[in-house]
Each structure stands twice: as structure tokens, then as C-alpha cells.
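Breakdown of the fold
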Amino acid sequence: MLIGSAGVIIALGVMVGAWVDGAGPARADDAESLVLYCGRGQSLVGPLIEKFRAQTGIDVKVKYGGTTELVATLAEERDRSPADVFWAQDAASLGQLSRDGRFSRLPDSITGVVAENFRSSSGTWVATSGRARVLAYSPSRVKAQDLPASVFDLTDPKWKGRIGWAPTNASFLAFVTAMRVEHGDDKTRQWLIGMKNNSPKAYPKNSPIIEAIASGEIDLGLPNHYYLLRYRAMDPNYPVAQTFFRDGDIGNLLLVSGVGVLKTALNKDAAHKFIEFLLSPDTAQSFLASEDMEYPVVRGAAVPEQLPGKGAMERVTPRIDLDKLSDLEGTRKLMSEVGL
Amino acid sequence: MTTLAAYPVPHRRRPWHLWVPAGVCLGGMLLPLVYLLIRASEADVGFLRNEILRPRTLVLLLNTLGLAASVLATVTVVGVPMAWLTTRSDLKARRLLTLLAVLPLAVPGYLMAYTLLAAGGPYGTGQRLLGIQLPRLTGFWGALLALSLYNLPYMFLNLRVAMQRIDPALEEVARSLGHSPMQVFWRVTVPRLRPALWAGTLLIGLHVIGDFGVVSLLRFETFSFALYKQVEAGDRIGAAWLGLILIALTSGLLLVELRFLRGLRLDPAGMASARVQRVVRLGHWAWPAYTLLLAIAFVSLVVPLGTMIYWFGQADVDGNLLGRWARSLGDSVSASIPAAVLACLAAIPICYLARRYPSPASRGVEQAMYLGYATPALAFALGLVFFSLRAAPFLYQTLALLVVAYALHFLAEALGPLRTALFVATPRMEEASRSLGHGRLSTFVRVTLPLLRPGMIVSLALVFLSVMKELPIAFILAPLDFHPLSLKVWDYTNEALYAQAAPYALTILLLSAGFVGLLLMQGPEERST
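In this convention, every chain numbers its residues from 1, walking through the sequence in written order. Labels follow written order: the first chain is A, the first ligand is 1, and so on. With the structure being a predicted model, the display of local features is reserved for residues of pLDDT at least 70 and the display and counting of side-chain atom pairs for 80 or more, all residues being used for whole-chain, interface and lining totals. Note: side-chain values were computed over all heavy atoms of the structure, leaving out hydrogens and water.

Looking at the overall build of chain A
Worth spelling out the cut-off: Secondary structure elements follow DSSP: runs of H or I of four or more residues count as helices, runs of E of two or more count as strands, with numbering from the N terminus. Values of the radius of gyration come from C-alpha atoms, whereas the globule rule sets the reference at 2.2 Å times the count of residues to the power 0.38. Relative accessible area decides the class of each residue, using a 1.4 Å probe on protein chains only: under 20% of the type maximum gives buried, over 50% gives exposed, and in between gives partly exposed.
Broken down by element type, chain A carries twelve helices and eleven strands. A globule of 340 residues ought to have a C-alpha radius of gyration of about 20 Å, and chain A, at 22 Å, matches this closely. The dimensions of chain A, computed from C-alpha atoms along their principal axes, are 75 × 60 × 40 Å. Taking all 340 residues of chain A together, the buried fraction comes to 61%.

Next comes the structure, spelled out in C-alpha cells:
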């Protein structure tokens, strides 16, 4: 017994020693490696990163996590961050890090590839793909001719208790921020109050909204476009439909995921190579469109048929300056002001 | 009976061999708290007035406390009969029933909530698979059901250890003095369950107060939900304040517990603690008993497992899946096994110190171990980022740091069962061993450790299962290229790719189930059969 215990203790000691020794800090400074903090799911972008590894021989080390958690981690790490590249789910977190001076400027050869409305004017980050805000509904309980033409029409009392939203979700907050930019704080406040009076049901994120429509809990919802496509892939008869509001309505906002290189990065060359790869129309952009059902941000990428508004997105979505979407603080204040 | 003997071991010297490891744990536990204080101190008065001191905070507080109290009442009322039935009655297949009662531990809380939610409604899995439309669980009642089912095994396990360790002589004496079985249960058995009840209460109270995944999915707003929103909006100062309020709340719970356990003595009447427990014949009461145990197992085990198997049926299995799956499994196990062992090893001196050398200091250290658990996981992890980068950057993003973080965060889970085991293990056996010439170490290994064994087994299982399921700490402290099963499940379900999530979710469930089964097999069950 005594010998056994001693054995266990020695074995543990050896194990601890081995981790500390072997794992070590992840700062690699040879040019052929890269540390990526990835707020996008491994399920969506993992194969793409593999492809980059294979294509360039650069050893990418990835830390996956929620964008929220990774921004908080980067904020704590400050200058000691091992990260070279941050790939985020939304423009607001990129804007926040950019404002804190955490990103270095990207070379013009990278920023020049994407349209002006898909990159930060400071040149510190670029979008990698887009997702659209849509109106999801139950085709059996909402007639097509009754569908609201604008997101502002959702405050009509006839929708009382029938709407679902995800008021804490980053995509929703970005949408409210865009509404403030486009229509001003007063009109946004009016809309939020009107919505609140219609007692919408609050969900933590987008997919439960779709499931709640399918289950009859609500009739309408405000999610992003690709979730329904995934439910349909599993079940072609899934009883939910989605549509855009009228052309240019703020409810049709196109949100982006994007990427920036940290000022403290040790592997800037590899980091730039990685971003160039993400923006290549034939490989990464086509992959994001066909596999993940997202809108490409550079011309020339193949876009699958199932994407709503395919080819007409420039007409459908409103044009919003991405840099202005970083005022999440103001949006949160406004929402807490109206009691949301 | 003979509880006149002094409970603590008489001692002259301070037991440094216990104080040093306990002090190290205490230090680690306080680091995240210090971090929160640093962040919170960056706030100004106007911020506090507008963001923290508002009626909304009170609503959140009441929601949180109401939910915690309701869950605790539910798990106690259901947990006591469950523990009694599986240890003291003549039910058949008690080991299997025990396993079924414990296995829901293997289901991550957010998955339990999700599958219960997805079962209801006209397009729910209930309707599609069985043709039965179940109600859709949301709000307070949904949260109450999901959190009660999720937490029930913790209460059950704690109570089970306590029931097994009650000296049957006490109950025999009570019966011989003319008490009815009911009176014996209320006057002798229940009071002896108090340490276990409190250990369970504390753990579950902290769970409910700290839960984010379940309440957000079932749409019931509590404190930690609000805290997460604050972090999401990039407001670390507001989040720190909410975190500190949460810790204050849980500290209140700790103080209440301390009061209730003060002066509690539960040593066995004699040296007969290994005597056979009397088995109660249930007669026709056996059927309601089976129904209760199986109904709970159905909702908390069959529903999640069935949903996952249904998803798995829809997954396309490609050649790469096996490799990715194996790596992910390796990552999970390489964190959870060492964390469980470390937490258990660290808990022993703390618990031993508080029981055998009772003093305000030693009990205070023991209580402080719950701080790590009470600190919201997100804040706990960020605090360790803050300190490790400053004090020991070579440890940052290593598996070692992740394991230490887990061991500290879940130490409280290891403490409860050990404490319960130590409460009923008489110090006089240790005294006897010392008087027979055995040294301190030899006595510990030959006498105390075997007495602690049932508690240790449960401790290891609890921490192992918690680490397998954990998310926020893994997000922040995991080494690069470290993708444990829990992160995989979160990732796929987050993107509504349920079929792809299924193999990983099933692995967590089956692996945890295997682990729990293995541990229960080594338990002291055989003595009571």
C-alpha cells in the first residue's frame, strides 16, 4: 500500500514535470508557424485551416473559443499574448480590439482585395465572409401576404407574443447598432420600446429561435440566414421559412466575420499569408460559401443556389460603415435604458 | 453512547504537513478573487449607480435565490428516498439502480436542457419519434426541472455515502428502546445525514447560482446570465462587480453551512462501523419505489441519450472522424484524470485538518475552498490568465495550468464526500494505531485512507465528470490545439449541427458512464448485500 502510494506520487510528479517541460509557452518565433485565436467554430473553419497547413507547410496552432471569451482573454493577455491572428465572429469585437490599438495595419495588397464596405477604414482588419439577418417565420401560421415589409413593422400589435429574438446575441446587438447608425438613437429606442410592448420571447442565440418557430412557440423570429439551411440539410421538410424585408431595410443587414493581425504578433509574414489565403476566391471564399453557406466578400467566388438573395445582395442589404458597428457599449446602454 | 471521548486528535505540534498543502490551495483559491477586486476597483461611482444599483439587480437576485431554493427542495425530497432505497431496502438490482441514478452526471447541463427542450412541442423529438406531443419546457419550471435532474445525482451520491456509513448499532439500539422504524429514521438516521445534506446543498446551491447554460436556454434570467451578457458586451468592470456580488451571495450560503455544522459529532458508537446494515423489506411498496427510480432515470438519462442516438443516426461518418474523435478523447482524458487526482489529493489534507485539528483557521480554510467553485468560471479563468502571465509565463497555455485550474475550481466537489466519510470515521482507530507503535504516515496509510476510500472514489468521480463537461475554463486556459470533447460538442451544437455533435456527446456520456460504473463497483456495496 505504502509502496503503491509512493509510486502514484512519483508518477504524478513525473507527469507534471513532463507537461511543464514539453508543452511550454506557445510562442514560436520561426517564420513557419502561426498562432491563431479563432472565434469561429472548428466545425465550420477547421477543414479550411487544414487546407492552409497542407498548402503552405505553415504550422498553425489554433485556440478555438467563443468570440466573447477570446476577446476577454486577449484583453487580459495584453502585450504578453501568444496570438498572431484573431479571427472573430463579428465586426464589433474586431472594432473593439482595433480601438484598443491591438491590431497592426494590414498591407494594401490584402485590404485592396475586398470591397470598401467589407473592411475597416483604419486598415487593421478585413471581413472574411458575411451572414445576413433575415425574417424567419412559420409558413403555416403566417400568410405570405401578411409578412411585414420592414423590421419596423414588427411593432404592430398583431404580432404581440408571436415574435422571438436573441437580444443578447452578438449578431442582434450588431443589428441594433446598425439601426442606430442608420436611423438614429431616437428611432431605435422607439422601435425597441414598441418591440418590448409586443412581448417578444428572448432566446440565448439564433438556432433556438428557429426551433421555437418549428415547435409552435412563436410565429416569427429574427435570426441569421444560415441556421435554417442547416436544419433543412438534416430534414428537408423542416416547417420554417425565411425571407428578407424590402430592399435596403435595416432588418436585412449583412454582418461579417473578420480577421486582424495583432501588434504583438511574432509571425507577421505567416499571418499575412493566412489572411491572403482566407480571401482567395477559388479556395477559402468558395469553401465558406458552399460548405458553411456564407456570403463571400471577394468577387469571383462560387455562390451556392440555396443562399437567400443570391447575386442580389447589393440591392437587398443596407450599406453600413463596419467601423461604426463597434459602439456596442452605446447599444447596451440604450437597451438597458428601455429595460431589455 | 460513548461520544465522550475527545473528537479531535490530541496534539501539541502544529501539523505543518497538513497546513502547507492547505495553504497552497488557499492561495490559489484567492487569486481569482484578488483579480476581481482589481478589476472592480477600476469602476467609478456613476457607473455603479447606473449599472449595478438598479431594480433590475434585485429582480435577478430574487430569480436566482428562488430558483436555487426550489431546486434544493426538489433534490432533497427526491434524493433522500432514492439514497435510502438503494442502500437499505431489499429492491432487486440495487447496484444497477444506483448506476442509473448516478449516470445523469455524465450528461452536460446544457445538453440535458437542450434535449428536454427539444423533446416538447408539435415538432419536438417526442412528437416525431414517439408520436406523443410533450409540453415545451421553458422559463422557471423548465429551469427547475432541468437543474433538479442535473443536480440530483450530487445529492444522491453524498447521501448514499452517509447512509452506508451510519453505524447500524445506533439504529438497533433505538429500535430496541421501542422506537418504530419511522421514528428511528427521523430521530437517528436523518440527523446523521446532515453533513451529507449540507455538502450536497452547498454544491448544488453553487451550481444553480453559477449556471449559465441551462437558464439561458430555458429563458430564465438569473445573475450569472446577466454576468455573461456583461462580458459579452466587453464590460469587464461590470462583470467583475456582478462576479463579486455572486461570490458574496455564495459566501452567505457558506456561512449558513458553517453555523449548522458547528459542533456536529457523528462518530460511530463503537468500533463496529463495518457491521452489516439491516435490509428493510419493502413488500408491495417495492413497485412505487421502482417506478420512482426508473421514471427519474428515464427523463434524465433516456431522453438525452435517445436524442443523441437519434442525431447520431443522421451523421455521415467520414474517414477522418475517427482520428479527430480519438484526438479529442485524448485531450479530454489528459485533463480530467489528472485534475480529478490532484483535486482529491489536495482535498485530503484540508478535510483532515478541519476534522482532526478543528480551529477557526482550519475550518475557515475548508470553507474557503468553496470560493473557487463560487467564483464564476469565466472570472476564475481570466484571473489565472492575469496572474500566470505575470508570475509564471512559462506555465501559460500549458496542460499543467489547465489541470491546476480545474483542480482548484472543482476542489469543493472533492471535499464533500471526503468530509462525509471522515465525519463517521472515528479518530479512535487512528489513536489505537498510533498507540500500537505505527507512525503518523503509516497510520494514515493503513487506517485513515481505507476509511476515506468510499469518499475518495466519489470525489474522483465528481471532479472527473465535471472536467469532462466544463466549458468556460477550457475556452480560456486550454493549450493551443487542445480540443476536448466538451468544446467539440459546444461548437457543433452552437452551429446547430446536431448530427455532427452526436459522436462527441455520446463519447462524453459513455466514457463518464463507464468511469462511474467502475468506481461504484469498487464501492462498499458488497457489505450491505
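Observations regarding the overall build of chain B
To keep things clear, this is the line we draw: By definition, residues are in contact when any of their heavy atoms lie within 4.5 Å. Note that accessible areas follow from Shrake-Rupley with a 1.4 Å probe, and for residues the cover is restricted to the protein chains shown.
Helix and strand counts for chain B stand at 24 helices and zero strands. Here the C-alpha atoms of chain B give a radius of gyration of 23 Å, agreeing with the 24 Å that 2.2 N^0.38 yields for 529 residues. Seen along its three principal axes, the alpha-carbon backbone of chain B occupies a region of about 60 × 55 × 50 Å. Across chain B, every contact between residues at least 6 apart in sequence was considered, and the portion connecting residues at least 24 apart equals 84%. Total accessible area on chain B is roughly 20,100 Å²; 68% of this is exposed by carbon and sulfur atoms.

Details of unusual backbone geometry
One non-glycine residue, Arg219(B), lies in positive phi territory at about 60°. Relative to the helices and strands, Arg219(B) is located in the loop between α10 (213–217) and α11 (223–232).

Section: the nonpolar core
Heads up, the condition is: Nonpolar cores are built from buried Ala, Val, Leu, Ile, Met, Phe, Trp, Tyr and Cys residues. Side-chain atoms within 4.5 Å join them into one set.
Phe86(A), Val151(A), Leu154(A), Trp191(A) and Leu477(B) are the most contacted members of the largest nonpolar core, which has 291 residues in total. Considering every element that reaches this core, the biggest residue donor is helix α7 (residues 139–165) of chain B, with 15 residues.

What to know about the packing of aromatic side chains
We apply this condition: Only centres within 6.5 Å qualify two rings of Phe, Tyr or Trp (six-membered ring in Trp) as a pair; their planes then separate them into stacked at under 30 degrees, edge-to-face at over 60, and tilted for everything else. Look at NZ for Lys and CZ for Arg. If either is within 6 Å of the ring centre and within 35 degrees of the ring normal, a charge sits over the ring.
A full pass over the atoms with the stated rule returns 25 aromatic pairs over all chains. Relative to Tyr498(B), the ring of Trp311(B) has its centre 4.9 Å away and its plane inclined at 25°; by these criteria the two rings are stacked. Highlighted residues: Trp311(B) in helix α13 (residues 286–314) and Tyr498(B) in helix α23 (residues 498–521), separated in sequence by 187 residues. With respect to burial, Trp311(B) and Tyr498(B) carry one shared label: buried. An aromatic cluster is built from Tyr231(A), Tyr238(A), Tyr114(B), Trp311(B) and Tyr498(B), whose rings are joined through pairwise contacts. Here the basic side chain of Arg219(B) rests over the ring of Tyr203(A), its NZ or CZ set 4.7 Å away from the ring centre.

Focus: a nonpolar patch on the surface
All names here are of chain B. Going by this rule: Two joining distances apply to patches: 9 Å for like charges and 5 Å for nonpolar side chains (Val, Leu, Ile, Met, Phe, Trp, Tyr), and every residue must have over 30% relative accessible area and no salt bridge. Just to be clear on terms, a salt bridge is a Lys or Arg side-chain nitrogen sitting within 4 Å of an Asp or Glu carboxyl oxygen.
On the surface, Leu129, Leu130, Ile132 and Leu134 cluster together into a nonpolar patch covering about 370 Å² of accessible area. Its place among the elements puts Ile132 in the loop between α6 (125–130) and α7. The exposure class of Ile132 is partly exposed, given its relative accessible area of 44%.

With respect to the pattern of salt bridges
Residues and elements named next belong to chain A. Evaluated as defined, the whole model comprises 20 salt bridges over all chains. In this structure, the salt-bridge partner of Arg189 is Glu337, at a minimum N-O distance of 2.9 Å. Here Glu337 lies in helix α12 (residues 328–337) and Arg189 lies in helix α6 (residues 170–197), a separation of 148 residues in the sequence. On the accessibility criterion, Arg189 (23% relative accessible area) is partly exposed.

As for the side chain of Ser336(B)
Residues and elements named next belong to chain B. Spelled out, the test is: Here a polar contact is taken to be a pair of N or O atoms separated by no more than 3.5 Å, where protein atoms must pair a possible hydrogen donor with a possible acceptor and residues adjacent in sequence count only if both atoms sit in side chains.
By secondary structure assignment, the location of Ser336 is in helix α14 (residues 319–356). Taking relative accessible area as the criterion, Ser336 reaches 0% and is therefore assigned buried. A polar contact is formed between the side chain of Ser336 and the backbone oxygen of Ser332, at a distance of 2.7 Å.

Overview of the sheet that holds strand β9 (residues 241–243) of chain A
Residue and element names in this part refer to chain A. What counts here: Paired strands are those between which DSSP finds at least two bridges.
Pairing is mixed in the open sheet, where five strands are placed in the order β7-β6-β8-β5-β9. With partners counted over all chains shown, the strands left at the sheet margins are β7 (201–202) and β9, one partner each. When strand β6 (residues 163–165) meets β7, the two strands line up parallel, connected through two bridges. What sits directly across from Trp165, in β7, is Ala202.

Considering the interface of chain A and chain B
Here is the rule we go by: Joining two parts hides part of their accessible area as seen by a 1.4 Å probe, and the buried area is that hidden amount summed over both.
With 64 residues of chain A in contact, the opposing surface of chain B contributes 69 residues. Of the roughly 5,600 Å² buried where chain A meets chain B, counting both sides, 58% is carbon and sulfur surface. Taken together, chain A and chain B are joined by four salt bridges. Measuring nitrogen to oxygen at the nearest pair gives 3.6 Å for the salt bridge that ties Asp481(B) to Arg53(A). The interface formed by chain A and chain B includes 17 residue pairs in polar contact (both at pLDDT 80 or more). The element best represented in the side of chain A that touches chain B is helix α3 (residues 67–77) of chain A, accounting for seven residues.

A short note on the sheet that holds strand β2 (residues 59–64) of chain A
All names here are of chain A. Read across the sheet, six strands follow the order β2-β1-β3-β10-β4-β11 without closing on themselves; strand pairing throughout is mixed. Where the open sheet ends on each side, the last strands, each with one partner, are β2 and β11 (295–296). The pairing of strand β4 (residues 125–132) with β11 spans two bridges and is classified as antiparallel. Bridge assignment links Ser129 to a residue of β11, and that residue is Pro296.

Comments concerning α6(A)
Quick reminder: α-helices carry 3.6 residues per turn. Residues three or four places apart thus point the same way. Selection rule: The span you would expect from a helix comes to 1.5 Å times its residue count less one.
Taking 1.5 Å per residue, 28 residues should reach 40 Å; α6(A) reaches only 23 Å between its end C-alpha atoms and comes up short. Capping the start of α6(A), Asn169(A) holds a side-chain oxygen 2.9 Å from the backbone nitrogen of Ser171(A), two or three residues further along.

As for the confidence of the model for chain A
Residue and element names in this part refer to chain A. Our working rule: Every residue is assigned a pLDDT by the predictor, reflecting its confidence on a scale from 0 to 100.
A residue-level look at chain A finds 91% of positions with pLDDT of 70 or above and a mean pLDDT of 88. Ranking the helices and strands of chain A by mean pLDDT puts strand β5 (residues 135–137) first, with 97, and helix α1 (residues 2–23) last, with 49. Low pLDDT, under 50, characterises residues 20–30; the stretch is placed with 29 contacts to residues that sit more than four places away or in other chains.

A short note on the side chain of Ser328(B)
Residues and elements named next belong to chain B. Residue placement: Ser328 occurs in helix α14. Residue Ser328 is classed as buried on the basis of its relative accessible area, which comes to 1%. At 2.8 Å, the side chain of Ser328 and the backbone oxygen of His483 are in polar contact. Look past the residues within four positions of Ser328 in its chain and what remains in contact with it is His483, Pro484, Leu485, Lys488 and Tyr504.

Brief notes about the state of the cysteines
Residues and elements named next belong to chain B. Keep this limit in mind: For this text, the term disulfide refers to a pair of cysteine sulfurs within 2.5 Å.
Under the defined criterion, the tally for this structure stands at zero disulfides over all chains. Left unpaired, Cys25 is separated from the closest cysteine sulfur, that of Cys344, by 12 Å. The exposure class assigned to Cys25 is buried, which follows from its relative accessible area of 9%. Of the cysteine sulfurs around Cys344, a residue in no disulfide, the closest is that of Cys351, at 9.6 Å.

Regarding the packing of helix α1 (residues 16–40) of chain B against helix α15 (residues 360–374) of chain B
Two packed helices can be described by the angle between their axes and the distance between those axes. Residues and elements named next belong to chain B. Keep this limit in mind: A fitted line through C-alpha atoms represents every axis, and for helices the fit uses only the stretch in contact; the resulting angles, taken between N-to-C directions, go from 0 to 180 degrees. With respect to orientation, any angle under 35 degrees is reported as roughly parallel, any angle over 145 as roughly antiparallel, any angle of 65 to 115 as roughly perpendicular, and every other angle as oblique. The hand of a helix crossing depends on one turn: near helix anticlockwise from the far one by less than a right angle means left-handed, and clockwise means right-handed.
For the pair α1 and α15, the least separation of the axes is 9 Å and the interaxial angle reads 40°. It follows that α1 is oblique to α15 by the angle criterion. In this structure, α1 crosses over α15, and the sense of that crossing is left-handed. In this structure, α1 uses Trp19, Ala22, Cys25, Leu26, Met29, Leu30 and Leu33 to contact α15, whose residues at the interface are Ala361, Ser362, Val365, Ala368, Met369, Leu371 and Gly372.

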